[in-house]
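Report on the structure
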Amino acid sequence: MKRMKWEKAVLKAVIILGLAKQGVSQQSGVATGIAEPHHQAQFQTVASDGGFRYWDKGYLLAWAFSGTSLDVGPNTPAVMFYDQNGQGKPAYVWFEGAARVGVADAAVTSNGKLIVSGGTRTQEGIVAHYIAEIGDDGRVKHVIRTTPFIPVYICGGQGGTVWSYGFDRDENGNGIESGPMLRQFSFENGQLQAMLNISSLNPGWSLPEGKYPGEINMRCTASSVGIYNGRSSEWVQFDFSTKVLTVKQVDPLPPPSKLRITGFAMTDAGDIFASFHDRSKATPMSGLFQLTFDAGGNGKWNPVPGTVGAYLKGSPIERLIGTDGTSLIHTRARDGRVFWSKYEKR
Amino acid sequence: MKTRTVPQLIYAFVLVVSLLVSVPTRAATSYSTVAIGGKMLESIFDGLTPSWFAKQNMLQKFGSVRFRQRTRFSLPDTLPEFGARYVPVQCVGCPPTEACSGHFTKIIPLPPGVGCDNPIACPSVNNFTNDPSDQTIQNVGEQNSYCGPSCCVDAETC
């Protein structure tokens, strides 16, 4: 009898410890707030209207704003990349025989190389799609012709490889529904692997970039590549070490007419953040939100305490620009100042 | 005399051959290009044929009617041959990252079936134009919305 009591006590302790551990693991990445900025810099491109920019592996990448364009020329910068002090360098993308070159996305590889994706055509109408690595001279050094795959988004994967989210297009210009949407490329061997079929996903992937730029986001860390689709309410992640592709459901966001994703980041620890702009009320609101998952794998966007408030009048987050791995990089106002802030976790 | 001629002939032969070999059949690129399958290419356009939708007359047609469908399964608008995105320039009074662009925008209703291949789901697709002479609409831009299963693009002001 005494022994049974002792066994029960041990069993109880094991269960409690197990539950506690489970609880800790679920809560370990939950942000409790952001610290005061430990660095800031001025970026004119952040203050200017239009264009695309985000922070990726040491650089603020900016394109399709004043000085660059989606439709570039041989001597027109395709992308500007700025270091953390605001010093910028141009990247030029042009191909021999091209009459036109377009830019779709830009990123930085794990070994610090700038990469650009897009499409190009000749005067005769020959179309090719590309992922280009930019050399130290700011010009194209290596190219992957991804045709018939159209690389909508790119990010730098392990060992200098490139991950891309996109779709196939046939010779008549139509999308190929059965084509895998997530692919890994290298500049030496072309495509290395392909996965993620639209038939296994919720509706909401027919528009490659969503209803507005920012509704679908893709990021790479040293350990995984992730895609969040705010339209289909799904989080897709491929783990580099386990080679497992997972698709998780996320609680739907309000429609774009009420709420928009204005920034996105995935830290080295795998924590996923976004900034939202909520215009559903008379006073527009903004703030930082974190995507967390329960034990069942269902995701939910949770406000980071102390970050949600009236847009430009209370919230310390105007927009999330990205992450340097551990800090969140964001703006507070639309004055071009960018801040680096650590986030606190429990 | 004979001993001098032979080396000169050999030298001339080597020179001519080396020149012939070094003359490229096409201008060499300063970058390497690999196809999706891993094959090295001399040009990014190697082995590809012109696409009907990227020919000049078709591009002009798309541009003239602003055939603005941007799904995976139809031709997009801006940079139609590339499948690339358009510029979401922010306009005055609109929140950040709006897919909102331009100024002096005027909405133009299109007849059923024009600008969209689905007149049932999208009976009233709008186009737009810009009228810089009308200062009252200086701060009016255009913004896309979508309708129908094929996601036709409908312009609205912002």
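Residues numbered from 1 in each chain as written. Chains lettered and ligands numbered in written order. Predicted model: local features only at pLDDT ≥ 70, side-chain atom pairs only at ≥ 80, totals over all residues.

Along chain A, the regular secondary structure elements total two helices and 28 strands. Split into buried and exposed, the 346 residues of chain A put 47% on the buried side. Restricting the contact set of chain A to residue pairs at least 6 apart, pairs at least 24 apart contribute 46%. (Helix = DSSP H or I, 4+ residues; strand = E, 2+ residues; numbered from the N terminus. Buried ≥ 20, exposed ≤ 12 C-beta atoms within 10 Å, placed from the backbone. Contact = placed C-beta atoms within 7 Å.)

For chain B, the count of helices and strands is two helices and seven strands. Starting at the N terminus and walking to the C terminus, you meet the elements of chain B as α-β-β-α-β-β-β-β-β. A fraction of 51% describes how many contacts in chain B between residues 6 or more apart in sequence connect residues 24 or more apart.

Our focus in this paragraph is the sheet that holds strand β20 (residues 245-249) of chain A. All names here are of chain A. With antiparallel pairing, four strands are arranged side by side in an open sheet as β17-β18-β19-β20. On the outer flanks of this sheet lie β17 (216-220) and β20, each paired with one strand and no other. On average, each strand axis in the sheet is inclined to that of its neighbour by 15°, with strand direction left out of account. By the bridge criterion, six bridges tie strand β18 (residues 224-229) to strand β19 (residues 234-239) in an arrangement that is antiparallel. Within β19, the residue paired with Ile227 across the bridge is Val236. (Pairing = 2+ DSSP bridges. Axes fitted to C-alpha atoms, helices over the stretch in contact; angles between N-to-C directions.)

Tracing the backbone through its elements, the reader meets Tyr31(B) in the loop between α1 (2-22) and β1 (32-35). Tyr31(B) sits in the partly exposed class, given 18 other C-beta atoms within 10 Å. Distance in space between the C-alpha atoms of Tyr31(B) and Ser133(B) is 47 Å, their sequence separation being 102 residues. Apart from the residues lying within four places of it in its own chain, the contact partners of Tyr31(B) are Val140(A), Lys141(A), His142(A) and Val143(A).

For residues with low pLDDT, the predicted coordinates do not support detailed interpretation. Residue and element names in this part refer to chain B. With 23% of its residues at a pLDDT of 70 or more, chain B shows a mean pLDDT of 59. At the low end of the mean pLDDT range in chain B sits helix α2 (residues 56-65), at 52; at the high end sits β1, at 98. Throughout residues 19-27 the model reports pLDDT below 50, and contacts reaching past four residues in sequence, or to other chains, amount to two contacts. Counting contacts from residues 62-81, a segment whose pLDDT is below 50, to residues more than four positions away or on other chains yields 55 contacts. Across the interfaces of the predicted complex, the ipTM metric reaches 0.85, alongside a pTM of 0.74. (pLDDT = per-residue confidence, 0-100.)

This brings us to the environment of Lys113(A). Residues and elements named next belong to chain A. Mapped onto the elements, Lys113 comes out in the loop between β8 (100-108) and β9 (114-121). Sequence spacing of Lys113 and Gly135 is 22 residues, and the spatial spacing of their C-alpha atoms is 7.5 Å. Apart from residues no more than four positions distant in its own chain, Lys113 is found in contact with Val108, Glu133, Ile134 and Gly160.

All names here are of chain A. With an omega of 10°, the peptide bond running from Thr147 to Pro148 counts as cis. Secondary-structure assignment places Pro148 in the loop between β11 (140-145) and β12 (149-156). Non-glycine residue Lys57 carries a positive phi angle of around 50°. Examined against the element boundaries, Lys57 turns out to sit in the loop between β3 (52-56) and β4 (59-63). Phi is positive for Leu312, which is not a glycine, with a value near 70°.

Here we come to the pairing of strand β21 (residues 259-266) of chain A. All names here are of chain A. The buried count for β21 comes to seven of eight residues, which makes it a mostly enclosed element. Here β21 runs beside strand β22 (residues 272-278); their pairing, made up of seven bridges, is antiparallel. From the neighbouring strand, Phe264 faces β22, where its bridge partner is Ala274. Taking the residues between adjacent antiparallel strands as the criterion, β21 and β22 are bridged by five residues, where Gly270 takes a positive phi near 90°.

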